[in-house]
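If you want the building blocks of each chain, they are given just below.
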Amino acid sequence: MKKKMLFMLINMNIGGTEKALLNRIAEIPEHKYDITILMLEKYGGFLNAIPDHVNVEYVHEYPEIKGMVTNPPRWTIWNLIKKGRLIRVINFSLTYGLSRILKNKSIFFKYILRNTADIKNKYDVAIAYAGPMDLISYFVIHKISAEKKLQWIHFDVTKVGFDLPFAKRLYPEFDRIYTVSNEGKDRLVHILPELQSNIDSCPNKISSELILQMADEGDGFNDDFDGIRILTIGRLSKEKGQDLVIPVLAKLREKGYKVRWYCVGEGNSRSAYEFLIKKYQVEREFILLGAHPNPYPFLKQCDIYVQPSRHEGFCITLGEAKVFNKPIITTNFTGAHEQMEGLKMGVVVEADAWEIYQEIIHVVSKKLRNKIEISI
């Protein structure tokens, strides 16, 4: 009889956590496990990438409570006032205020999920996969019946908004807590030493065979550029650090290097980056390609891969870039040294534009020398 396993996350947006889940599911024997993905919302460019044998379910009440979770409380209160729902204003305000005073977010989550039924099916394993995401952690503990419950942590808890009082109350209820790097484990243990025996690391899965196969299925670059192509993959957001490398490209162009920088990914910092691109006058050389479910043709065709993130848990795009044996420059986020260990053409630098620039100069100069030697 198959064991029943449930993974819970926000949605299937094109991101590292979602890709890591797809890679992990690909490694799970289909004949041994009945897998369910439970999402808060039906959204994301990876929805169609979910294998046919995986069950997909949604928290249908989430659209009604999403604003309470993601927006400042005053917005919720004002919207309720405009709708004339004064009793709900009072209940919401009292519940939210009490949860803040007692530093117990579970009080608030219990209130907003009061009309959300428990999941009917019982599972052998239920995993709060999009961690740290407090609502999902609470949901897995209180709304799902399972023999074992696991918490997955994908980010550096010292860099993201990690609610320590909430974790101290709820995380002991999980049978096991996993981080995606040894360094990430050390940082979590440092702030939750009482749970040390229950915390372990489990790196994200990378399928080299699938990546190489998909690299031959897409088109990749189509601009006929014959210089050095630099690639970065990641959500357009401050933590991913694309703002650090726009002035780097401007400096490279100023020094006469024939390079273009391409960014695969989408995010809420696009307009800010477009402003920087215009400010540094690199509109033709810094290309925002948008989100791509299959970025591997770009990885196969680029000359240098740069990961300028300010923080990560386990950078899955960095792991994927290693498959193609290209020069890699990455910033020193959590797990970076672990991932780059033993890589001959890889270097770790600080999240600093000047350090990134110097390493790119080193790699580009070497590549140009190689091209001249080959032509001679």
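All of the points below concern the structure found in this document.

1. Things to note about a nonpolar patch on the surface
Next up, step 1: A surface patch of nonpolar side chains, about 330 Å² in accessible area, is lined by Trp-78, Ile-81 and Leu-86.
Next up, step 2: The residue Trp-78 is located in helix α3 (residues 73–82) in this model.

2. Digging into the pattern of salt bridges
Two side chains bearing opposite charge may form a pair once their charged atoms approach each other closely.
Next up, step 1: By the definition in use, this model includes 22 salt bridges.
Next up, step 2: One salt bridge in this structure joins Asp-200 and Arg-176, with 3.8 Å as the shortest N-O distance. Taken together, the residues span a long stretch of sequence, with Asp-200 in strand β7 (residues 199–201) and Arg-176 in strand β6 (residues 176–179) at a distance of 24 residues.
Next up, step 3: A relative accessible area of 27% places Asp-200 in the partly exposed class.
Next up, step 4: Classification of Arg-176 as partly exposed rests on a relative accessible area of 24%.
Next up, step 5: Across the pair Glu-183 and Arg-187 runs a salt bridge, and its minimum N-O distance is 2.9 Å.

3. A closer look at the state of the cysteines
Next up, step 1: A full pass over the atoms with the stated rule returns zero disulfides.
Next up, step 2: The thiol of Cys-202 is not disulfide-bonded; the next cysteine sulfur, from Cys-315, is found 17 Å away.

4. With respect to the sheet that holds β6
Next up, step 1: Strand order in the open sheet formed by seven strands is β3-β2-β1-β4-β5-β6-β7, with parallel pairing between adjacent strands. Each of the sheet's edge strands pairs with one partner strand only, and the pair in question is β3 (55–58) and β7. Averaged over all adjacent pairs, the angle separating strand axes in this sheet is 25°, with direction ignored.
Next up, step 2: Strand direction decides the pairing type here: strand β5 (residues 145–153) and β6, joined by four bridges, are parallel. What sits directly across from Trp-152, in β6, is Tyr-178.
Next up, step 3: Those strands touched by helix α6 (residues 134–143) are β1 (3–9), β2 (33–39), β4 (122–131) and β5, and its axis lies near 170° from that of β4.
Next up, step 4: Docked against the sheet, helix α8 (residues 182–191) engages β5, β6 and β7, running at close to 165° with respect to β7.

5. Here's the deal with the nonpolar core
One recurring pattern in soluble globular proteins is that nonpolar side chains are buried together.
Next up, step 1: In terms of nonpolar packing, the biggest core is built from 68 residues, with Phe-7, Met-8, Ile-112, Ile-144 and Tyr-171 touching the most fellow members.
Next up, step 2: The greatest single-element share of this core, amounting to seven residues, is contributed by β4.
Next up, step 3: Ignoring anything within four residues of it in the chain, the contact list for Phe-7 reads Leu-21, Ile-25, Ile-28, Ile-35, Thr-36, Ile-37, Leu-38, Ile-127 and Tyr-129.
Next up, step 4: One finds Tyr-273, Phe-286, Ile-329 and Tyr-357 within the second-largest nonpolar core, a separate group that totals 30 residues.

What counts, and at which threshold
- Residues numbered from 1 in each chain as written.
- Predicted model: local features only at pLDDT ≥ 70, side-chain atom pairs only at ≥ 80, totals over all residues.
- Heavy atoms only, no water.
- Patch = residues over 30% accessible without salt bridge, like charges linked within 9 Å, V, L, I, M, F, W, Y side chains within 5 Å.
- Areas by Shrake-Rupley, 256 points an atom, 1.4 Å probe, with all protein chains shown as cover.
- Salt bridge = Lys/Arg side-chain N within 4 Å of Asp/Glu carboxyl O.
- Helix = DSSP H or I, 4+ residues; strand = E, 2+ residues; numbered from the N terminus.
- Buried < 20%, exposed > 50% of the residue type's maximum accessible area, 1.4 Å probe, protein only.
- Disulfide = S-S within 2.5 Å.
- Pairing = 2+ DSSP bridges.
- Axes fitted to C-alpha atoms, helices over the stretch in contact; angles between N-to-C directions.
- Contact = heavy atoms within 4.5 Å.
- Core = buried A, V, L, I, M, F, W, Y, C linked by side-chain atoms within 4.5 Å.

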